[in-house]
Amino acid sequence: MKEVNYNELKKGGFMRQVQKDHFSLRLRVVGGRLTSSQLKKIYEVANKYGKGYVHLTARQGVEIPFIKLQDIEAVKKELSEAGLEPGACGPRVRTITACQGSSICPNGIIDTTELANECDKRYYAQELPHKFKIGITGCGNNCLKAEENDLGIKGAIEPEWEESSCTFCGLCQAVCPAKAIQIDEKNKKITIDRDKCTYCGRCVKSCPTNSWKGKPGYLLYFGGMFGNNVALAKQILPILFSKEDVHKVIQATLKFYKKYGKQGERFRNTLERVGWDIFKKELEKAIENKGSDFDE
Ligand code: SF4
Ligand code: SF4
Ligand code: SF4
């Protein structure tokens, strides 16, 4: 009898269960979005090959448990009819997660779904020293929890105050969660402490006279991990305003991890061992188009 390659099956989304020769199939649900026909197909497959239920994972995934070894190929074929594919497991870029973002959510600053699909096309399943999670959240409310990811992306707004229509009502100062706004009514000035500003955009949204102009952008966070060891990802770059720069940074990050990461080492631990400064310099070089030390 042919030996079962459990590692290959896991790589392809079929995770071994405690019950012999049964697998829980993880699906690739990019940005947490499924169509109604895909949901129908999942329902059919779970009834026909599983036990009539699914498990929703912490990262927006859908798993169909109790798939039998002999049914794996048939299950893959049926799911592919609805454009559904197994999700990657193991040491590689995992399914990209995202909140609803600006295409749906009134608070959204960036189009998270579009960016998740781009990241999926460019980076999904790339082989790395360990698992690598990318998560995209549309604004500072952080529903998708950017800092829990190896690389988190958050929609952000850089505020710029314009004096002309300001009535010095004080609302922007009151809503600023970072206490970064100083109003000097006597001299008719408002200043922002840029070191304190978290780019949440509340000042821009709350102003009744539209005296703040907001420039939308992206904040990137690196090295989050939530497993046996827990660490929040860190923001080490200033706000980025172009998606092109975001992709340059993601590419440089993956190159860095491939180059320096030891097999089985989480990205955070690579950063701690090799040095955040070295990493930051690589990202800055990538943004400046100076090329990377890792370019062939
Ligand atoms: S993070 Fe912001 S954009 Fe995303 S769902 Fe939450 S409130 Fe909406
Ligand atoms: S909320 Fe607008 S009008 Fe009020 S102080 Fe701030 S900038 Fe001026
Ligand atoms: S963007 Fe947010 S943190 Fe920055 S000044 Fe405005 S309210 Fe404060």
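Residues numbered from 1 in each chain as written. Chains lettered and ligands numbered in written order. Predicted model: local features only at pLDDT ≥ 70, side-chain atom pairs only at ≥ 80, totals over all residues. Heavy atoms only, no water.

## Comments concerning unusual backbone geometry
Its identity is not glycine, yet Y199 carries a phi of approximately 60°, on the positive side. Positive phi, close to 55°, is recorded for N210, a residue that is not glycine. Tracing the sequence through the fold places N210 in the loop between α6 (202-206) and β10 (212-222). (Helix = DSSP H or I, 4+ residues; strand = E, 2+ residues; numbered from the N terminus.)

## Regarding a nonpolar patch on the surface
A cluster of nonpolar side chains, contributed by F226, V230 and L232, occupies part of the molecular surface with about 300 Å² of accessible area. As for its placement among the helices and strands, L232 is situated in the loop between β12 (230-231) and α7 (243-260). (Patch = residues over 30% accessible without salt bridge, like charges linked within 9 Å, V, L, I, M, F, W, Y side chains within 5 Å. Areas by Shrake-Rupley, 256 points an atom, 1.4 Å probe, with all protein chains shown as cover. Salt bridge = Lys/Arg side-chain N within 4 Å of Asp/Glu carboxyl O.)

## Section: the sheet that holds strand β2 (residues 22-26)
Working definition: the strands of a sheet are paired by backbone hydrogen bonds and lie parallel or antiparallel to each other. With respect to topology, 4 strands assemble into an open sheet ordered β1-β2-β4-β3, the strand pairing being antiparallel. Edge positions in the open sheet fall to β1 (14-16) and β3 (55-56), since each of these has one partner strand only. Inspection of the sheet shows β2 paired to strand β4 (residues 62-68) by 4 bridges, in the antiparallel sense. Residue pairing for β4: H22 is matched across the bridge by K68. (Pairing = 2+ DSSP bridges.)

## Structural notes on the packing of aromatic side chains
This model, assessed by the stated rule, comprises 9 aromatic pairs. Aromatic pair F222 and F279: ring centres 5.2 Å apart, planes at 80°, arrangement edge-to-face. Placement of the pair is F222 in strand β10 and F279 in helix α9 (residues 276-287), with a sequence separation of 57 residues. Classification of F222 by relative accessible area gives buried; the value is 0%. What makes F279 buried here is its relative accessible area of 0%. The structure contains a cluster of three or more aromatic residues connected by ring pairs, namely F132, F222, F256, Y257, Y260, F267 and F279. Positioned over the ring face of W276 is K234, at 4.5 Å from the centre of the ring. (Phe/Tyr/Trp six-rings, centres within 6.5 Å; stacked < 30°, edge-to-face > 60°. Buried < 20%, exposed > 50% of the residue type's maximum accessible area, 1.4 Å probe, protein only. Lys NZ or Arg CZ within 6 Å of the ring centre and 35° of its normal.)

## Side note on the side chain of K41
Position of K41 relative to the elements: it lies in helix α2 (residues 36-48). Here the side chain of K41 touches E81 through a polar contact of 3.3 Å, side chain to side chain. Excluding its chain neighbours within four sequence positions, the residues that come into contact with K41 are E78, L79, E81, A82 and L84. (Polar contact = N/O pair within 3.5 Å; in protein donor to acceptor, adjacent residues only side chain to side chain. Contact = heavy atoms within 4.5 Å.)

## Examining the environment of V75
Take V75: it is sitting in helix α3 (residues 72-80). Distance in space between the C-alpha atoms of V75 and Y49 is 7.4 Å, their sequence separation being 26 residues. Residues in contact with V75, not counting those within four places in the same chain, are L25, V45, Y49 and I67.

## Description of the packing of α7 against α9
The geometry of α7 relative to α9 is characterised by a closest axis approach of 9 Å and an angle of 140° between their N-to-C directions. By the angle class used here, α7 and α9 are oblique. Here the hand of the crossing between α7 and α9 comes out right-handed. Mapping the contact onto sequence places D245, K248, V249, A252, T253 and F256 in α7 and I278, F279, E282, L283, A286 and I287 in α9. (Axes fitted to C-alpha atoms, helices over the stretch in contact; angles between N-to-C directions. Parallel < 35°, antiparallel > 145°, perpendicular 65-115°, else oblique. Left-handed = near helix turned anticlockwise from the far one by under 90°.)

## Quick word on the pairing of strand β7 (residues 151-161)
Counting buried positions along β7 gives 9 out of 11 residues, so the element sits mostly inside the fold. Looking at chain direction, strand β6 (residues 134-137) and β7 are connected through 4 bridges and run parallel. Each residue of the ladder has a partner; that of G135, found in β7, is G152. By the bridge criterion, 11 bridges tie β7 to β10 in an arrangement that is antiparallel. Counted as the bridge partner of G155 is Y218 from β10.

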